[in-house]
Protein chains: 2
Amino acid sequence: MNEDVKVEVGLGERAYDILIGPGLVGRAGAEIGRRLPGVRAAIVTDENVGKQHLEVLKQGLEAGGIASSSIVLPAGEKTKNFAALQEVVDAVLAARLERGDVVIAFGGGVIGDLSGFAAGIVRRGMNFVQIPTSLLAQVDSSVGGKTGINSARGKNLVGVFHQPKLVLADTAVLDTLPVREFRAGYAEVAKYGLIDRPEFFAWLEKNWREVFSGGPARIEAIAQSCRAKADVVARDEFETGDRALLNLGHTFGHALEAAVAYDGARLVHGEGVAIGMALAHRFSARLNLASPDDAARVEAHLKAVGLPWRMADIPGDLPDAEALLSFIAQDKKVSRGALTFILTRGIGQSFIARDVPTSEVLAFLKENHPG
Amino acid sequence: MNEDVKVEVGLGERAYDILIGPGLVGRAGAEIGRRLPGVRAAIVTDENVGKQHLEVLKQGLEAGGIASSSIVLPAGEKTKNFAALQEVVDAVLAARLERGDVVIAFGGGVIGDLSGFAAGIVRRGMNFVQIPTSLLAQVDSSVGGKTGINSARGKNLVGVFHQPKLVLADTAVLDTLPVREFRAGYAEVAKYGLIDRPEFFAWLEKNWREVFSGGPARIEAIAQSCRAKADVVARDEFETGDRALLNLGHTFGHALEAAVAYDGARLVHGEGVAIGMALAHRFSARLNLASPDDAARVEAHLKAVGLPWRMADIPGDLPDAEALLSFIAQDKKVSRGALTFILTRGIGQSFIARDVPTSEVLAFLKENHPG
Ligand SMILES: NC(=O)c1ccc[n+]([C@@H]2O[C@H](COP(=O)([O-])OP(=O)(O)OC[C@H]3O[C@@H](n4cnc5c(N)ncnc54)[C@H](O)[C@@H]3O)[C@@H](O)[C@H]2O)c1
Ligand SMILES: NC(=O)c1ccc[n+]([C@@H]2O[C@H](COP(=O)([O-])OP(=O)(O)OC[C@H]3O[C@@H](n4cnc5c(N)ncnc54)[C@H](O)[C@@H]3O)[C@@H](O)[C@H]2O)c1
Ligand SMILES: [Zn+2]
Ligand SMILES: [Zn+2]
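Just so it is clear, the model here is predicted, and its values are computed rather than measured. (Residues numbered from 1 in each chain as written. Chains lettered and ligands numbered in written order. Predicted model: local features only at pLDDT ≥ 70, side-chain atom pairs only at ≥ 80, totals over all residues. Heavy atoms only, no water.)

## Some points on the packing of aromatic side chains
All names here are of chain A.
Part 1: All told, the structure shown has 20 aromatic pairs over all chains when counted by the stated rule.
Part 2: Geometrically, the ring pair formed by phenylalanine 283 and phenylalanine 364 is tilted, given 4.9 Å between the ring centres and 40° between the ring planes. One end of the pair, phenylalanine 283, is in helix H10 (residues 269–286); the other, phenylalanine 364, is in helix H13 (residues 358–368), and 81 residues separate them in sequence. Take phenylalanine 283 and phenylalanine 364: they sit in the same class, and that class is buried.
Part 3: An aromatic cluster is present here, built from Phe182, Tyr186, Trp208 and Phe212 joined pairwise through their rings.
Part 4: Directly above the ring of tyrosine 192 sits lysine 191, whose terminal nitrogen or CZ lies 5.4 Å from the centroid. (Phe/Tyr/Trp six-rings, centres within 6.5 Å; stacked < 30°, edge-to-face > 60°. Helix = DSSP H or I, 4+ residues; strand = E, 2+ residues; numbered from the N terminus. Buried < 20%, exposed > 50% of the residue type's maximum accessible area, 1.4 Å probe, protein only. Lys NZ or Arg CZ within 6 Å of the ring centre and 35° of its normal.)

Below is the structure:
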């Protein structure tokens, strides 16, 4: 018997399990075959993950009697585009998979978002399984069914809701993840504490070193994060309300990602989120919603783990405050012209603020702009 | 007061109305505005429909206080591809429409399928309204939420289920439709009779001339067809069962469309369906499921209205029977390798036949092949 931690995502007839533990890639065939007997699989992965882990997954599937083909894409955010979507769709159709067969996302959030979207549109929806290999994907993007690609007009503007049938978070594959990527994923872990779990945030302040080094604290942090996300998703599957809380740090974060033209050398998603969360707390303090001490506490923790926490931490020049504001206005969390932000009253007390005045945002960006 | 006929599609929280009557294009703003107050619109149309009717629609929207932009695509099946999908998506994003705004499909089934797909994926699902302008689109493709594009591997293999909020079937715009296209749409009208409404089929045998010429019989035929389709869709929104009945004539039909490489000069969709329905009845007779008299009755009616009813009616050479069979096997109604067909026990007595032996299909195709 293995001792995977199991988190259930309660979505009625679309409910599914997240299994968390070491070695799940090698046991994927058994876990998938138990839930989807008789399927064939198309694995979608990227060059980094493919090189290091694809063979183990293929053998793991074969051991469970699951025949598979695979498609390997270039690594990185730029792969979340229309051309790659079409490539995955064509590969799945070329493998002659049917609706009941399965597309497996094997990689970070880029691969998960892209191949989940493909699985959602081939034959108007095929079975889909997530095997997330980055920390960010394990605690965030693989859970909840949001899939998509980027457009010239902004990130994640095109996609579908398509829930997986199963998520396998192998905590051991994280050992090959570059530390910078691990840190970026950790930003999303901290986010759950900052949204509405102050004790979890305090636990992370004490235990983050063990989360980074591996072992039970890592599994615990991932499981807590998945539970937090699953709770929000179960309350609001299609993001018409509460789910927006998950965007804490993302309005600023996405604008910064856009401002560096999604250049991962300068800023990866989780780093943008880290800076965004620090800014959201600082902005809340400026609006007299939260204490400056809370903002300082968030900044200190991000700094301690080695994450960027202010715009000045991004290498190279940034566009000016006005330009940043226009990136924010283009972002998808603009509802009928009014700016919507996730703000906070303190650690673990985030809320959705609608109608945040543009002038306040602009003034704040000017104050905090490094240039 | 206008006297539009209303058909309700009973899909719970996704329920919507189909309004049928003359002049609805000019009244679109009022009907949409009543249901979706305050929206902005992106109209998607093709060159033929755009030239003749776009101004009326724009004015109709404006009269209802709805601002709109429009995108005009080349007419024809070839437009249902990835490039056009991306073009529509980009245009909708460029117009800065939000989730609550509306994409309007204004054209035949090609425009409906393509722009419904775009509406389903921009921001993971925007509001969508169908204003079908071909008979086929009014009685079939605009109802039921199936959207999609073609792939090199087959028709309609990529898409989503995305229900419209409203369907406006303006029976007067059909007057500019080429007769050949009207006939092609009529094949789908006859289909509803052949599936499970024998009295409707008998009514059509008597009244088809009035349906073609316009007036109350046309409205009646469209309303009956929409009711028939809405019933099936309400029973099986995501095509996991009964909905397959709507594919009567489509397995053969799609194979023939593929066999002529979707060349509309040789065969349009509804014509393929006409031949496919005749073949499905003839094949059922060959399998001793139905009487040859019923097959003859179907053939006679299709012939009377001027539709093609046998492979020999397709201009030019067709691939041989083996090649046609491989087109059938590629079609999406293949479930785990077994051939699924819609067969019949007589007029209005269709049923889903699974595990139809490939050898029978091949023998039948050879017998009926014109070459
Ligand atoms: N769908 C959602 O709900 C959601 C939520 C959050 C983020 N996202 C998306 O997720 C993406 C970011 O995810 P990400 O940070 O995982 O990016 P990513 O997929 O680009 O992975 C980061 C890098 O790590 C590499 N990598 C992944 N696993 C590895 C492993 N085990 N060993 C070695 N290298 C490995 C990848 O090749 C890549 O170079 C963004 O596109 C973001 O929009 C989606
Ligand atoms: N989604 C579904 O459930 C469903 C069901 C059946 C068919 N379909 C799809 O529908 C498509 C066929 O639809 P179609 O036959 O409407 O094809 P179409 O959209 O190509 O229209 C046929 C022709 O008629 C022209 N036209 C349309 N309305 C006109 C008008 N009022 N005046 C003048 N010209 C007009 C068009 O420009 C085109 O040239 C196929 O792609 C098929 O796969 C979808
Ligand atoms: Zn994120
Ligand atoms: Zn059809």
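## Some points on the relation of the copies chain B and chain A
Part 1: Each copy of the sequence occupies a distinct position, and chain B is placed on chain A by a rotation of 180° and an axial shift of 0.0 Å, giving an RMSD of 0.0 Å. Considering both components of the superposition, the chain copies are consistent with a two-fold axis.
Part 2: An overlap of 100% is found between the interface residues of chain B and their copies at the interface of chain A, pointing to a shared contact surface. (Least-squares fit on C-alpha atoms with pLDDT ≥ 70 in both. Contact = heavy atoms within 4.5 Å.)

## With respect to the site of ligand 2
All names here are of chain B.
Part 1: As a matter of local geometry, ligand 2 sits amid 27 residues, with Asp46, Glu77, Gly109, Ser134 and Thr176 nearest to it.
Part 2: Between ligand 2 and lysine 229, the relevant distance is 3.4 Å, taken from an oxygen atom to a side-chain nitrogen or oxygen of the residue.
Part 3: If ligand 2 stood free it would expose 860 Å²; the protein chains cover 92% of that surface.
Part 4: Put simply, the parts of the chain that give the shell around ligand 2 at least two residues each are helix H2 (47–63), helix H4 (109–121), helix H5 (135–141) and strand E8 (154–158).
Part 5: Among the elements that take part in the shell around ligand 2, H2 stands out by supplying four residues, more than any other.
Part 6: A class-by-class count of the residues in the shell around ligand 2 yields seven nonpolar, 11 polar and nine charged. (Near = heavy atom within 4 Å. Polar contact = N/O pair within 3.5 Å; in protein donor to acceptor, adjacent residues only side chain to side chain. Areas by Shrake-Rupley, 256 points an atom, 1.4 Å probe, with all protein chains shown as cover. Nonpolar A, V, L, I, M, F, W, Y, C, P; charged D, E, K, R; others polar.)

## A look at the sheet that holds strand E9 (residues 166–170) of chain B
All names here are of chain B.
Part 1: The strand order across the open sheet built from seven strands is E1-E2-E9-E6-E5-E3-E4, with neighbouring strands paired in mixed fashion. In the strand order of this sheet, the two ends are held by strand E1 (5–9) and strand E4 (68–73), each with one partner. Averaged over all adjacent pairs, the angle separating strand axes in this sheet is 15°, with direction ignored.
Part 2: Here strand E6 (residues 127–132) pairs with E9 via two bridges, running parallel. Each bridged residue has a counterpart across the sheet, and for valine 129 the counterpart in E9 is leucine 166.
Part 3: Lying on the sheet, helix H1 (residues 28–35) is in contact with strand E2 (16–21), strand E5 (102–107), E6 and E9; it crosses E9 at an angle near 165°.
Part 4: In the packing of H4 onto the sheet, the strands contacted are strand E3 (41–46), E4, E5 and E6, and the crossing angle to E5 comes to about 165°. (Pairing = 2+ DSSP bridges. Axes fitted to C-alpha atoms, helices over the stretch in contact; angles between N-to-C directions.)

## A short note on the pairing of E8(B)
All names here are of chain B.
Part 1: Summarising burial for E8: five of the five residues are buried, a large majority.
Part 2: Here two bridges tie strand E7 (residues 149–151) to E8, and the two strands are oriented antiparallel to one another. Its bridge partner lying in E8, serine 151 is registered against glycine 154.
Part 3: Remark: two residues form the turn of the hairpin made by E7 and E8, two consecutive strands paired antiparallel.

## Remarks on the coordination of the zinc ion (ligand 3)
All names here are of chain A.
Part 1: Within the protein, Glu188 (OE), His250 (NE2) and His269 (NE2) serve as the donor atoms for the zinc ion (ligand 3), at 2.0 to 2.2 Å.
Part 2: In terms of primary sequence, the donors binding the zinc ion (ligand 3) are separated according to E-x61-H-x18-H. Here the residue histidine 250 occupies a position in helix H9 (residues 250–259), and histidine 269 occupies one in helix H10, the gap between them amounting to 19 residues.
Part 3: When its relative accessible area of 17% is taken as the criterion, histidine 269 is described as buried. (Donors = N, O, S within 2.8 Å, 3.2 Å for Na, K, Ca; no water.)

## Regarding the side chain of Asp236(B)
Residues and elements named next belong to chain B.
Part 1: As for its placement among the helices and strands, aspartate 236 is situated in the loop between helix H8 (216–235) and helix H9 (250–259).
Part 2: Buried charged residue aspartate 236 carries no salt bridge. Nearest counter-charge: arginine 243, at 6.3 Å.
Part 3: Separated by 3.3 Å, the side chain of aspartate 236 and the backbone nitrogen of aspartate 242 make a polar contact.
Part 4: Once residues within four sequence positions are removed from consideration, aspartate 236 is found in contact with Gly241, Asp242 and Arg243. (Lys, Arg positive; Asp, Glu negative; His and termini not counted. Salt bridge = Lys/Arg side-chain N within 4 Å of Asp/Glu carboxyl O.)

## Quick word on unusual backbone geometry
Residue and element names in this part refer to chain A.
Part 1: Look at arginine 96: it is not a glycine, yet its phi comes out positive at around 55°.
Part 2: Position of arginine 96 among the secondary structure elements: in the loop between helix H3 (82–94) and strand E5 (102–107).
Part 3: Take arginine 96: its relative accessible area is 47%, and that puts it in the partly exposed class.
Part 4: A positive phi angle, near 55°, is found at aspartate 355, a position not held by glycine.
Part 5: Exposure remark for aspartate 355: the relative accessible area of 58% places this residue in the exposed category.

## Quick look at the coordination of the zinc ion (ligand 4)
Geometry sets the ideal angles at a metal, namely 109.5 degrees for four tetrahedral donors and 90 or 180 degrees for six octahedral donors.
Residue and element names in this part refer to chain B.
Part 1: Surrounding the zinc ion (ligand 4) are the protein donor atoms Glu188 (OE), His250 (NE2) and His269 (NE2), which sit 2.0 to 2.2 Å from the metal.
Part 2: Each donor residue of the zinc ion (ligand 4) lies on the same chain, and together they follow the pattern E-x61-H-x18-H.
Part 3: Under the relative-accessibility criterion, histidine 250 is labelled buried at 6%.

## Section: the pattern of salt bridges
Part 1: Tallied over the full model, the rule gives 52 salt bridges over all chains.
Part 2: Note that Glu237(A) is salt-bridged to Arg14(A), the shortest N-O span being 2.8 Å. A residue pair is termed long-range when its members are at least 10 positions apart, and Glu237(A) in the loop between helix H8 (216–235) and H9 and Arg14(A) in the loop between strand E1 (5–9) and strand E2 (16–21) qualify at 223 residues.
Part 3: For Asp101(B), the salt bridge is made with Arg40(B), and the minimal N-O distance between the two is 3.9 Å. Placement of Asp101(B) in the loop between helix H3 (82–94) and E5 and of Arg40(B) in the loop between H1 and E3 is noted, with a sequence separation of 61 residues between them.
Part 4: It is possible to trace a salt-bridge network through shared partners that takes in Lys6(A), Asp17(A), Glu31(A), Arg34(A) and Arg35(A).

## Points about the UniProt feature "domain: 3-dehydroquinate synthase N-terminal" (unreviewed entry) in chain A
Part 1: What UniProt calls "domain: 3-dehydroquinate synthase N-terminal" (unreviewed entry) maps, in this numbering, to residues 71–183 of chain A.
Part 2: Annotated as 34% helix and 25% strand, the span residues 71–183 of chain A places its first and last C-alpha atoms 28 Å apart. (UniProt positions renumbered as here; feature names shortened; annotations may be inferred.)

## What to know about the site of ligand 1
All names here are of chain A.
Part 1: Every one of the 27 residues lining ligand 1 counts as a neighbour, but Asp46, Glu77, Thr133, Ser134 and Thr176 are closest to it.
Part 2: At a separation of 2.6 Å, an oxygen atom of ligand 1 approaches a polar side-chain atom of aspartate 46.
Part 3: Within the backbone of valine 110, a nitrogen or oxygen atom sits 3.0 Å from an oxygen atom of ligand 1.
Part 4: Here ligand 1 loses 92% of its free accessible area of 860 Å² to cover by the protein chains.
Part 5: Of all the secondary-structure elements, those providing two or more residues to the shell around ligand 1 are helix H2 (47–63), helix H4 (109–121), helix H5 (135–141) and strand E8 (154–158).
Part 6: In terms of residue count, the dominant contributor to the shell around ligand 1 is H2 (four residues).

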